[in-house]
Amino acid sequence: MEAEPSIYPMAGAAAPQGDKGPLGIPDGSEAPLDELVGAYPNYNEEEEERRYYRRKRLGVIKNVLAASAGGALTYGVYLGLLQMQLILHYDETYREVKYGNMGLPDIDSKMLMGINVTPIAALLYTPVLIRFFGTKWMMFLAVGIYALFVSTNYWERYYTLVPSAVTLGMAIVPLWTSMGNYITRMAQKYYEYSHYKEQEEQEPQKRPPRGSHAPYLLVFQVIFYGFFHLSFACAQLPMVYFLNHYLYDLNHTLYNVRSCGTDSLGILRGFNKTVLRTLPRSRNLIIVESVLMAVAFLAMLLVLGLCGAAYRPTEEIDLRSVGWGNIFQLPFKHMRDFRLRHLVPFFIYSGFEVLFVCTGLALGYGVCSMGLERLAYLLVAYSFGASASSVLGLLGLCLPRSVPLVAGAGLHLLLTLGLFFWAPVPRVLQHSWILYMAAALWGVGSVLNKTGLSTLLGILYEDKERQDFIFTIYHWWQAVAIFAVYLGSSLPMKAKLVVLLVTLVLAVASYLWMEQKLQRGVVPRQPRIPRPQHKVQGYRYLEEDNSDESDAEGERLGDRVEEEVPPAGPGSGPETVGLCRRPCPYEQALGGDGPEEL
């Protein structure tokens with residue numbers, strides 16, 4: 001009896017020649033599998049790779065713009081709110097009507113003390129916070145603290161203003177340290193994505209040449225500080241569109257002022273105690289503060305949603321795995337580097353000049369002679385002058401790196417000498433154009449100073465395991481300088497100008513001495529970054545190579561491994577070679593030195 005044919009064809013059996021499937025493709029053993037699962041015929045691997053890295057570069061530019069805009073909005077909201085509240089609280093009628101005997105001047109003094117004194121301790125905790133949270137999340141947390149300070153002004157009491165001011169003071173140095181570190185990392189990433197072909201030809205663990213990312217770093221710092229100095233103009237919007245409508249003119253506020261400029265003593269001695277013609281309604285104040293709060297919240301969203309990570313997750317783990325004790329000590333150990341010691345006077349001057357333009361030039365020269373209603377326009381001139389001239393920093397692409405930095409210092413030197421011998425007459429507006437021009441030129445020097453210093457630090461210290469320590473030292477010295485200006489606010493203007501001149505000359509001389517040492521080939525003394533010590537978890541750290549070790553450590557490790565390799569002999573083979581490798585962390589945890597010999 002013959003077996004009935006199977007209804008279903010047997011798997012793998014050859015189909016009759018000429019049979020085709022429902023799609024018209026030959027079926028059976030002769031089916032052209034390459035047409036079904038093969039590569040896309042028009043696929044161009046090189047073109048796809050180029051598009052991929054172009055998207056990566058655009059992402060880096062997006063990160064730089066988002067961080068710059070977020071920092072500018074945050075600082076603009078902070079300065080605008082602080083300026084508006086201090087002017088309102090200065091008016092004695094406003095204090096008596098709205099707050100009675102609550103002691104608002106005492107609250108303001110303690111609030112300013114919290115903002116200026118607390119950053120002195122930032123050197124102790126800033127690197128720890130940045131390594132713990134990560135660069136991006138530290139930026140987001142600090143911007144959130146600035147927004148918290150804005151929110152507490154809805155209910156102005158001692159228990160709201162003073163604690164928020166102290167918290168804000170703690171966040172100042174971490175915010176600008178993480179911003180400087182973030183911009184530097186973006187420049188390094190942009191170089192990697194622009195020269196990916198060169199890196200593929202090199203060894204996997206070989207780092208790019210020293211200073212290769214410098215042009216991108218300079219461009220990104222120009223963008224960042226162009227946005228940053230626009231924050232001074234944004235801070236004047238509450239004054240221009242709201243508070244100026246309530247202010248007395250200069251004939252009332254400056255009635256008892258007798259001397260201005262270089263002849264003045266303290267801050268606005270003789271200024272009238274009442275500066276408001278009418279008191280602003282509480283409803284209008286709430287609207288203004290709500291707008292500022294919305295802008296602060298927008299800055300948080302920019303940092304959170306548009307800023308990408310500065311490091312890969314494995315790099316973040318490596319950076320915090322060197323030990324929290326080492327992270328705490330390394331900022332102090334880096335001060336043994338002669339380059340940082342020579343740059344400390346420039347760091348201090350960088351803090352002096354920002355406070356001088358906001359207090360000395362704006363108040364001692366501007367408000368004292370032109371009235372409070374023109375304060376906003378003077379600072380807008382400074383802001384636009386600095387932001388527009390930030391492109392001058394690009395001269396560093398074709399000139400030695402010392403030229404923009406020394407040029408900005410030279411411009412400040414000339415302006416300071418001119419201000420030292422000038423005392424404008426109160427309530428006289430004929431010389432107002434001189435003040436606006438001086439403010440704009442001071443902004444030119446400021447942006448060259450800031451751009452040059454940040455770029456110089458990113459070039460001198462391009463190892464990613466050192467950058468947060470270096471920018472912490474930079475911004476901590478700035479905070480110390482700002483604290484010194486806060487303590488010396490009652491000094492005569494001539495004394496302030498003398499201190500400014502001496503610091504500027506010392507900073508330039510010290511910087512040029514540092515450059516001369518580097519040209520002579522003096523090797524700086526840098527502290528060794530400990531190797532990451534990881535727990536035996538996951539697969540990432542069972543690899544032989546550590547992607548985050550410094551060049552010097554990699555060379556020492558390579559020499560040591562070469563010395564341990566025995567000479568090749570007749571008995572050498574795969575087993576012998578395997579005995580000479582470095583034990584993995586799992587074997588180290590078990591207490592063994594490597595694979596046992598059988």
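Residues numbered from 1 in each chain as written. Predicted model: local features only at pLDDT ≥ 70, side-chain atom pairs only at ≥ 80, totals over all residues. Heavy atoms only, no water.

Novice: Explanation requested: the overall build of the protein chain in the structure shown.
Specialist: Across its full length, the protein chain holds 23 helices and 0 strands. Within the protein chain, the proportion of its 598 residues that are buried is 48%. Contacts in the protein chain between residues at least 24 apart in sequence constitute 87% of all its contacts with a sequence separation of at least 6. (Helix = DSSP H or I, 4+ residues; strand = E, 2+ residues; numbered from the N terminus. Buried < 20%, exposed > 50% of the residue type's maximum accessible area, 1.4 Å probe, protein only. Contact = heavy atoms within 4.5 Å.)

Novice: Would you mind showing me how to read the state of the cysteines here?
Specialist: Defined simply, a disulfide is a covalent bond joining two cysteines at their sulfur atoms. Counted under the stated rule, the structure contains 1 disulfide. Disulfide pairing is shown between Cys 260 and Cys 368; the S-S distance is 2.0 Å. Looking along the S-S bond of the Cys 260-Cys 368 disulfide, the torsion reads about -85 degrees, which is the left-handed sense. You can see Cys 260 sitting in the loop between helix H11 (250–253) and helix H12 (282–306) and its partner Cys 368 sitting in helix H15 (residues 338–370), a full 108 residues away along the chain. Both residues of the pair, Cys 260 and Cys 368, count as buried. (Disulfide = S-S within 2.5 Å.)

Novice: Got a minute to help me understand the environment of Tyr 486 in this structure?
Specialist: Mapping Tyr 486 onto the fold places it in helix H19 (residues 467–487). Assessed through its relative accessible area of 25%, Tyr 486 is described here as partly exposed. Placed 370 residues apart in sequence, Tyr 486 and Asn 116 show a C-alpha to C-alpha distance of 7.1 Å. Leaving out residues up to four positions away in the same chain, Tyr 486 has contacts with Ser 109, Leu 112, Met 113 and Asn 116.

Novice: For this particular structure, what's the right way to read helix H5 (residues 122–133)?
Specialist: An α-helical turn contains 3.6 residues, so a residue and the one three or four places further along point in the same direction. In a regular helix each residue adds 1.5 Å, so 12 residues correspond to 16 Å; H5 covers 16 Å between its end C-alpha atoms and thus fits that length. Turning to H5, its buried residues are Ala 122, Leu 123, Tyr 125, Thr 126, Pro 127, Ile 130 and Arg 131. Elements in contact with the buried residues of H5: helix H6 (135–151), helix H7 (158–194), helix H13 (313–320), helix H14 (324–333) and H19. Positive phi appears at Gly 134, one or two residues downstream of H5, with a value of about 95 degrees. (Expected span 1.5 Å × (residues − 1).)

Novice: Whenever I open this one, the side chain of Ser 231 confuses me. Can you help?
Specialist: Within the secondary structure, Ser 231 is located in helix H9 (residues 214–234). If sequence neighbours within four positions are ignored, Ser 231 has contacts with Ala 72, Tyr 75 and Gly 76.

Novice: Whenever I open this one, the environment of Leu 243 confuses me. Can you help?
Specialist: Within the element layout of this structure, Leu 243 appears in the loop between helix H10 (237–241) and H11. Accessibility expressed as a relative area gives 0% for Leu 243, which makes it buried. Sequence-distant contacts of Leu 243, that is, excluding residues within four places in its chain, are made with Met 84, Ile 87, Leu 88, Pro 238 and Leu 276.

Novice: Please explain the confidence of the model for the protein chain as it appears in this structure.
Specialist: Model confidence for the protein chain is summarised by a mean pLDDT of 84, while 81% of its residues fall at 70 or above. A low-confidence stretch, residues 537–550 stays under pLDDT 50, and its non-local contacts, those more than four residues away or across chains, total 31 contacts. Contacts of residues 592–598 to residues separated by more than four positions or lying in other chains number 9 contacts, the stretch itself having pLDDT below 50. (pLDDT = per-residue confidence, 0-100.)

Novice: Would you explain the nonpolar core in this entry?
Specialist: Within soluble globular proteins, side chains that are nonpolar tend to cluster in buried spots. The biggest cluster of nonpolar side chains holds 137 residues, and the ones touching the most others in it are Tyr 78, Ile 115, Phe 149, Trp 176, Leu 343, Phe 347 and Leu 457. Looking at which element gives the most residues to this core, the answer is H15, with 18 residues. Excluding residues that lie within four positions of it along the chain, Phe 347 makes contacts with Leu 340, Leu 453, Leu 457, Ile 473, Tyr 474, Trp 477 and Gln 478. Counting residues in hydrophobic clusters, the runner-up holds 5 residues, among them Val 322, Leu 330, Phe 469 and Ile 529. (Core = buried A, V, L, I, M, F, W, Y, C linked by side-chain atoms within 4.5 Å.)

Novice: Just to check I follow, could you spell out the packing of aromatic side chains for this structure?
Specialist: When we look at a pair of aromatic rings, we describe it by the centre distance and by the angle of the planes. A full pass over the atoms with the stated rule returns 30 aromatic pairs. Taking 5.0 Å as the distance between ring centres and 85 degrees as the angle between the ring planes, the aromatic pair formed by Phe 224 and Tyr 225 counts as edge-to-face. You'll find Phe 224 and Tyr 225 in the same group, each marked buried. With a centroid separation of 5.0 Å and 70 degrees between ring planes, the pair formed by Trp 476 and Trp 477 is classed as edge-to-face. (Phe/Tyr/Trp six-rings, centres within 6.5 Å; stacked < 30°, edge-to-face > 60°.)

Novice: It is not clear to me how the pattern of salt bridges should be interpreted in this structure. Could you clarify?
Specialist: Working definition: two side chains of opposite charge can pair if their charged atoms are close together. Scanning all chains against the criterion turns up 13 salt bridges. Between Arg 51 and Glu 47 there is a salt bridge, and its shortest N-O distance comes to 3.3 Å. With Arg 51 and Glu 47 both in helix H2 (residues 45–90) and 4 residues apart, this pair spans about one turn of that helix. Residue class for Glu 47 comes out partly exposed when judged on its relative accessible area of 24%. The salt bridge partner of Arg 185 is Glu 315, with a shortest N-O separation of 3.8 Å. Linking Arg 185 in helix H7 with Glu 315 in helix H13, this pair joins segments that are 130 residues apart in sequence. Exposure class is identical for Arg 185 and Glu 315. Each is buried. (Salt bridge = Lys/Arg side-chain N within 4 Å of Asp/Glu carboxyl O.)

Novice: I'm lost on H13 in this one. Help?
Specialist: Among all positions in H13, only Glu 315, Glu 316, Asp 318 and Leu 319 are buried. Axial view of H13: buried residues confined to an arc of 165 degrees, hence all on one face. Looking at the buried residues of H13, the elements they touch are H5, H6, H7 and H14. (Arc of directions from axis to C-beta.)

Novice: Quick question: what am I supposed to make of a positive patch on the surface here?
Specialist: A contiguous patch of positive charge, built from Lys 333, Arg 336, Arg 341 and Arg 525, is present on the exposed surface. The residue Arg 341 is located in helix H15 in this model. (Patch = residues over 30% accessible without salt bridge, like charges linked within 9 Å, V, L, I, M, F, W, Y side chains within 5 Å. Areas by Shrake-Rupley, 256 points an atom, 1.4 Å probe, with all protein chains shown as cover. Lys, Arg positive; Asp, Glu negative; His and termini not counted. Charge placed at Lys NZ, Arg CZ, Asp CG, Glu CD.)

Novice: It is not clear to me how the packing of H5 against H14 should be interpreted in this structure. Could you clarify?
Specialist: Axis angle and axis distance: for two packed helices, these are the angle between their axes and the distance between the axes, and together they describe the pair. Look at H5 against H14: their axes get within 9 Å of each other, and the N-to-C directions meet at 130 degrees. The angle between the axes of H5 and H14 places the two elements in the oblique class. Judged by the sense of rotation from one axis to the other, the crossing of H5 with H14 is right-handed. Across the interface between the two elements, Leu 123, Leu 124, Pro 127, Val 128, Arg 131 and Phe 132 of H5 pack against Trp 324, Ile 327, Phe 328, Pro 331 and Phe 332 of H14. (Axes fitted to C-alpha atoms, helices over the stretch in contact; angles between N-to-C directions. Parallel < 35°, antiparallel > 145°, perpendicular 65-115°, else oblique. Left-handed = near helix turned anticlockwise from the far one by under 90°.)

Novice: Whenever I open this one, a nonpolar patch on the surface confuses me. Can you help?
Specialist: Together, Phe 132, Phe 133, Trp 137, Leu 141, Phe 297, Leu 301, Leu 304 and Trp 324 line one region of the surface with nonpolar side chains, adding up to about 770 Å² of accessible area. Among the secondary structure elements, those contributing two or more residues to the nonpolar patch are H5, H6 and H12. Ranked by the residues each element gives to the nonpolar patch, the list is headed by H12, at 3 residues. By the secondary structure assignment, Trp 137 is in helix H6. We classify Trp 137 as partly exposed; its relative accessible area is 44%.

Novice: In this structure, what is going on with unusual backbone geometry? I would like to understand it.
Specialist: Note on backbone geometry: most residues besides glycine have negative phi, and most peptide bonds are trans. Its identity as a non-glycine residue notwithstanding, Leu 268 has a phi of 55 degrees, on the positive side. Among the secondary structure elements, Leu 268 is positioned in the loop between H11 and H12. On the basis of relative accessibility, which here comes to 19%, the residue Leu 268 falls in the buried class. Not every positive phi belongs to a glycine, and Arg 427 is a case in point at roughly 65 degrees. Secondary-structure assignment places Arg 427 in the loop between helix H17 (402–420) and helix H18 (432–460).

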